[in-house]
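# Examining the three-dimensional arrangement
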Amino acid sequence: MEVAGNGNWNLKNTAPSLPVPSVQSIADDSKNCSEILEKYVIPEINDSLVLNGAAAGPGDFPIIDFSRLCKQSEEEIAKLSLACEDWSYFMLINHGVPDEVIENTKVAIIEFFRLPLEEKKVYARRPDTGFEGYTQTCVISEEQEVVSGEGHILYTRTVAGRNMKLWPQNPPTFRDAMDQYTKEIQRVANIVLESIGKSLKLDKLIDNFKDCQQSIRINYYPPCPHASNVLGLNPHTDTVGLTVVLQVNEVDGLQFKKNGVWLPISPVPGALIVNSGDIIEIMSNGKYKSLEHRAVVNSEQERFSIATFHSPRADAQIGPLPAETPTKSEPFCYKTVSIEDYFRMVFAHKDDGKNILDYMKLAA
Ligand code: OGA
Ligand code: NI
């Protein structure tokens, strides 16, 4: 396992979110995935019902007011608790990330993906870059699922652990925009994690996320004429603690699975989408579940997004946290392992189609 320049182990050789099993790459060097897909018999992707009609908007799922979390509003923390228990994701409003920071981030992401393929491939993920780097995905899995999209993963915090060789210099605003944006999102994530800890009465939770490790995945889903048969990201849960998603250009695509139904979430200007991941499920001993989600593609419109992932600090243990004031003893349902072993397991099993939680669960 790689040791970062600051002497701390970090996630550089592991995976914060590895949603796409690259079983058979069919168009790594192609600009036009959709042309290549013509040659394949593509099955229907919607094995589960998708909620038809308008995508879910505000009012259909929980909205949490960040400014009230900052004031430690008990009412808002109770709402957060319900949101995490019933949904595991919510919209976050009044987060205070300056419009200018969001605007610069959007411009930088769109301009980066507009670069010629050759230029983007300079930052390609290679064995020595671990989970970081640029990937153009056009894969067909053993189950004949087709996935098409582009992504660039960067480790953003700790700052000392960054691999600047993978940080694009074009557009020239990219590095500064991502630095500013991820700093703001970390501020937001810290308060949300602290509030999650309070809502669970697990005050220790936030200690694990002090100096937390942060990474981003910027996503580009080109329009695809076979949209109903092609996914942008395979169904997955996020292996991290907390994810914050910004739907960059306000095109639908993100869907969460609730009660067996895929529920699309329309972007809401100014709101962030937050979801708790596998590590919160483990730390809360299963109280806050990590929810499966995926990205679909659009036949006419391109879509951009940025997911920012937060994982505990480099020396944390991943396992259920003991309650501050123990009530009746509740058996722990998950193992406790070092974060290093946790992500090693994630990485080792990324292609076997199983969820990391299957490996972390203790036999009942
Ligand atoms: C992810 C993710 C959703 C999106 O990168 O893990 O779930 O809308 N992204 O792109
Ligand atoms: Ni995800």
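Note that this is a predicted model, so its numbers are computed, not measured. (Residues numbered from 1 in each chain as written. Chains lettered and ligands numbered in written order. Predicted model: local features only at pLDDT ≥ 70, side-chain atom pairs only at ≥ 80, totals over all residues. Heavy atoms only, no water.)

## Looking at the site of ligand 1
For ligand 1, the set of nearby residues contains 13 residues, the closest of which are Y221, H236, H293, R303 and S305. A distance of 3.1 Å separates an oxygen atom of ligand 1 from a polar side-chain atom of H236. Contact between ligand 1 and D238: an oxygen atom at 3.4 Å from a side-chain N or O atom of the residue. Within the complex, 99% of the 290 Å² of free accessible area of ligand 1 lies under protein. Mapped by element, the contributors of at least two residues to the shell around ligand 1 are β6 (213-221), β7 (231-236) and β13 (303-311). Considering only residue class, the shell around ligand 1 consists of five nonpolar, five polar and three charged. (Near = heavy atom within 4 Å. Polar contact = N/O pair within 3.5 Å; in protein donor to acceptor, adjacent residues only side chain to side chain. Areas by Shrake-Rupley, 256 points an atom, 1.4 Å probe, with all protein chains shown as cover. Helix = DSSP H or I, 4+ residues; strand = E, 2+ residues; numbered from the N terminus. Nonpolar A, V, L, I, M, F, W, Y, C, P; charged D, E, K, R; others polar.)

## Topic: the packing of aromatic side chains
Applying the stated criterion across every chain, the model contains 11 aromatic pairs. Ring plane angle 50° and centroid distance 6.0 Å describe the contact between F61 and Y89, whose orientation is recorded as tilted. Of this pair, F61 sits in the loop between α1 (33-37) and β2 (63-65) while Y89 is found in strand β3 (residues 89-93), placing the two residues 28 residues apart along the sequence. Across this residue pair, the class does not change: F61 and Y89 are buried. Consider the rings of Y220 and F304, whose centres lie 4.8 Å apart with planes at 20°: the pair is stacked. You can see Y220 sitting in strand β6 and its partner F304 sitting in strand β13, a full 84 residues away along the chain. When sorted by exposure, Y220 lands in the same class as F304, which is buried. Site record: aromatic cluster; members linked through ring pairs are F112, F113, Y123, Y134, F174, Y220 and F304. One Lys or Arg, K258, reaches over the ring of W87 and ends 4.5 Å from the middle of that ring. (Phe/Tyr/Trp six-rings, centres within 6.5 Å; stacked < 30°, edge-to-face > 60°. Buried < 20%, exposed > 50% of the residue type's maximum accessible area, 1.4 Å probe, protein only. Lys NZ or Arg CZ within 6 Å of the ring centre and 35° of its normal.)

## Digging into the environment of A363
Among the structural elements, A363 can be located in the segment after α10 (356-360). Among the residues examined, A363 registers a relative accessible area of 79% and is labelled exposed. Separated by 29 residues in the primary sequence, A363 and Y334 place their C-alpha atoms 8.6 Å from one another.

## Quick word on empty space enclosed by the protein
Here the structure, examined in full by the defined rule, presents two cavities of 30 Å³ or more. The wall of the second largest cavity is formed by T137, G149, E150, G151, R217, Y220, Y221 and G232. The residue makeup of the lining of the second largest cavity, split by class, is two nonpolar, four polar and two charged. (1 Å grid on protein atoms, 1.4 Å probe; cavity = no way out; pocket = protein on both sides within 12 Å on 5 of 7 lines; lining within 4 Å. Points joined across faces, edges and corners; volume = space filled by probe spheres on them.)

## With respect to the packing of helix α4 (residues 99-114) against helix α6 (residues 174-199)
With their axes 9 Å apart at the nearest point, α4 and α6 run at an angle of 135° to one another. Comparing their axes, α6 and α4 come out oblique. The hand of the α4/α6 crossing is left-handed. On α6, the residues touching V101, N104, T105, A108, I109 and F112 of α4 are F174, A177, M178, Q180, Y181 and E184. Looking at side-chain class alone, the contact of α4 with α6 contains eight nonpolar, three polar and one charged residues. (Axes fitted to C-alpha atoms, helices over the stretch in contact; angles between N-to-C directions. Parallel < 35°, antiparallel > 145°, perpendicular 65-115°, else oblique. Left-handed = near helix turned anticlockwise from the far one by under 90°. Contact = heavy atoms within 4.5 Å.)

Everything listed is a geometric property; what it means functionally is a separate question.
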